[in-house]
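# Structure at a glance
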Amino acid sequence: MTKPNADVQQNTWEFLRDPMITPTGFREYDARWKYPDDINLPGITALGMGLGTQMFKRGIEPVIAVGNDYRDYSLTIKNALMLGLMRAGIHVKDIGPALSPMAYFSQFHLDAPAVAMVTASHNPNGWTGVKMGFERPLTHGPDEMAELRDIVLNGETVARDGGKYEFVDGVQEAYIDDLCGDFKMSRPLKVVCATGNGTASAFAPEILRRIGVEVVPSHNALDYTFPHYNPNPEAMEMLHDMSASVKLSGADLALGFDGDGDRCGVVDDEGEEIFADKVGVIMARDLSKIYPDSTFVADVKSTGLFASDPELQKHGAKADYWKTGHSHMKRRVKELDALAGFEKSGHYFLAEPVGRGYDCGMRVAVEMCKLLDRNPDMSMSDLRKALPVTYATPTMSPYCADTEKYDVLERLVKKLVAKSEAGETIAGRKITQVVTVNGARVILDNGAWGLVRASSNTPNLVVVCESPESDDEMRAIFADIDAVVRTEPSVGDYDQTI
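Residues numbered from 1 in each chain as written. Predicted model: local features only at pLDDT ≥ 70, side-chain atom pairs only at ≥ 80, totals over all residues. Heavy atoms only, no water.

## Let's talk about the pattern of salt bridges
- Scanning all chains against the criterion turns up 40 salt bridges.
- In this structure, the salt-bridge partner of K301 is E234, at a minimum N-O distance of 3.7 Å. Taken together, the residues span a long stretch of sequence, with K301 in the loop between β12 (295-299) and α9 (305-308) and E234 in the loop between β8 (214-218) and α7 (236-249) at a distance of 67 residues. Each of the two residues, K301 as well as E234, counts as buried. (Salt bridge = Lys/Arg side-chain N within 4 Å of Asp/Glu carboxyl O. Helix = DSSP H or I, 4+ residues; strand = E, 2+ residues; numbered from the N terminus. Buried < 20%, exposed > 50% of the residue type's maximum accessible area, 1.4 Å probe, protein only.)

## Re the packing of helix α3 (residues 100-109) against helix α5 (residues 171-180)
- For the pair α3 and α5, the least separation of the axes is 10 Å and the interaxial angle reads 90°. Our classification of the angle between α3 and α5 gives roughly perpendicular. Mapping the contact onto sequence places P101, M102, F105, S106 and H109 in α3 and V171, Q172, A174, Y175 and D178 in α5.
- In the contact of α3 with α5, the residues fall into 6 nonpolar, 3 polar and 1 charged. (Axes fitted to C-alpha atoms, helices over the stretch in contact; angles between N-to-C directions. Parallel < 35°, antiparallel > 145°, perpendicular 65-115°, else oblique. Contact = heavy atoms within 4.5 Å. Nonpolar A, V, L, I, M, F, W, Y, C, P; charged D, E, K, R; others polar.)

## Structural notes on the sheet that holds strand β6 (residues 164-167)
- The mixed open sheet is built from 6 strands, whose spatial order is β1-β5-β4-β2-β3-β6. A strand with exactly one partner marks an edge of an open sheet, and here the two such strands are β1 (31-34) and β6. Sheet twist, expressed as the mean angle between neighbouring strand axes with direction ignored, is 20°.
- The strands touched by α3 within the sheet are β2 (63-68), β3 (91-97), β4 (114-118) and β5 (127-133), with β4 carrying the most contacts at an inclination of about 165°. (Pairing = 2+ DSSP bridges.)

## A few points about the pairing of strand β19 (residues 440-444)
- The element β19 is largely enclosed, with a buried count of 5 among its 5 residues.
- Alternating residues of β19 divide into A440, V442 and L444 and R441 and I443, and every residue in both groups is buried.
- Bridge count for strand β18 (residues 429-435) against β19 is 4 bridges, and the pairing is antiparallel. Paired with V434 across the strands is V442, a residue of β19.
- Remark: 4 residues form the turn of the hairpin made by β18 and β19, two consecutive strands paired antiparallel; G439 in that turn has positive phi of roughly 80°.
- The sheet contact formed by β19 and strand β20 (residues 449-454) spans 4 bridges and is antiparallel. When the bridges of β20 are listed, I443 appears paired with W449.
- Between β19 and β20, which pair antiparallel one after the other, the connecting turn spans 4 residues, and G447 there sits at a positive phi close to 90°.

## Some details on the domain arrangement of the protein
- Structurally, the protein comprises domain 1 (13-169), domain 2 (181-386) and domain 3 (391-494).
- Centre-to-centre separation of domain 1 and domain 3, based on C-alpha positions: 34 Å.
- Each partner contributes to the interface: domain 1 provides 9 residues, whereas domain 3 provides 8 residues.
- Carbon and sulfur atoms supply 41% of the area that domain 1 and domain 3 bury against each other, a total of about 670 Å² over both sides.
- Where domain 1 packs against domain 3, one counts 1 salt bridge.
- Note that D402 is salt-bridged to R27, the shortest N-O span being 3.1 Å.
- Where domain 1 touches domain 3, the interface holds 3 residue pairs in polar contact (both at pLDDT 80 or more).
- Split into classes, the residues belonging to the side of domain 1 that touches domain 3 amount to 2 nonpolar, 3 polar and 4 charged. (Domains from an automatic or database assignment. Buried area = accessible area lost by both parts, 1.4 Å probe. Polar contact = N/O pair within 3.5 Å; in protein donor to acceptor, adjacent residues only side chain to side chain.)

Structure, rendered in structure tokens:
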């Protein structure tokens with residue numbers, strides 16, 4: 001196949017014929033582009049051929065399960081991707097519209113050696129992409145993505161005979177059965193189910209009702225224009241809306257899901273928005289009682305409580321802080337045989353015997369209901385208040401172009417390490433450690449910290465800060481970290497700030 005071009009003019013003969021792919025769309029652990037600005041349909045077909053070629057190169061049996069999220073262009077993208085896979089000699093099992101975790105489940109259910117999920121995840125409309133994997137429950141990490149990028153961009157795809165198409169019905173029903181089992185709530189529970197009109201609208205209300213929950217609907221009608229907000233439970237806009245719904249309805253909590261259903265956000269009965277890393281600590285506390293001496297993986301954006309919480313220590317829990325990103329986290333959970341992994345973005349990786357190791361917002365919803373069932377005398381706010389108090393920022397993302405962000409980050413890490421080595425302070429406190437596993441997490445002498453890293457999904461950096469002392473200290477940490485960030489002129493405005 002001819003090498004794709006990085007730029008083919010729209011509304012031309014060539015745009016309908018020649019593959020166009022912007023190289024920056026190949027990210028650390030999946031592929032994402034603005035469509036049709038950065039990739040065209042022949043480019044998607046080239047991507048499918050590249051993925052099929054990679055399967056043969058790696059000796060993977062040529063069978064793949066393929067799904068798509070609920071956006072008006074996702075089916076078109078999936079059809080172009082499947083055409084490329086079939087041209088590469090792959091047997092495609094089309095599972096229809098799906099959540100990303102339903103696609104991951106289909107690998108187990110259909111015993112499929114590979115999976116490809118067409119989704120823009122939580123990105124706004126106009127974005128598309130593919131999450132893919134060969135070794136269940138894992139998805140492509142940096143090595144696999146770099147190999148795929150080179151196959152596609154260097155025109156190394158190979159056409160083979162034997163490709164075929166099969167539509168497989170019933171996966172959605174099997175996925176919901178797998179999630180619910182025969183569990184039924186023994187306490188009454190009223191839950192705001194917030195899906196932002198995204199794909200989870202076809203799943204979450206049914207799942208919650210099936211386990212005996214009273215559902216308060218919140219934007220549960222499928223509508224790929226997202227008329228209220230982009231479904232992203234890390235964004236304050238969605239969390240504020242969930243909070244308002246809880247207060248209006250008197251619900252016990254709100255559960256919110258992103259565009260492809262692999263993430264879950266939580267608001268408690270008092271309307272307090274609990275960031276996902278704190279929800280993770282609540283879950284880890286509960287699970288560590290049932291499974292003592294467990295290992296929990298947390299991403300570098302997450303609270304320091306996984307390591308310092310006395311309740312977790314009492315039950316022998318061990319904490320491991322690792323790279324942000326669903327592929328990195330899934331791999332680490334599997335490597336360490338951890339019980340669960342938690343990401344501040346709302347990805348939870350619940351491994352056997354609780355889940356299957358992949359990130360699934362629906363599984364988190366079911367497990368949160370089970371957790372409340374096991375603690376019938378406690379409300380969600382009681383569980384939140386039982387945690388040691390810390391003061392954390394939301395995830396804040398200043399603009400930085402994809403072509404520049406990693407170089408910018410490298411310089412910022414060096415500046416922060418130099419600050420530490422020179423004995424300088426952040427928020428008036430001594431720096432005890434700079435963890436550079438994924439950007440720079442600057443840890444202070446009282447356990448407070450500030451993080452700067454590059455977003456793997458969007459043209460942004462990511463900044464998060466936390467203090468165990470006070471809101472003022474958290475703000476002072478942010479001010480000092482931001483002052484270093486601002487030394488880089490190519491860094492733009494934040495998407496949200498404190």
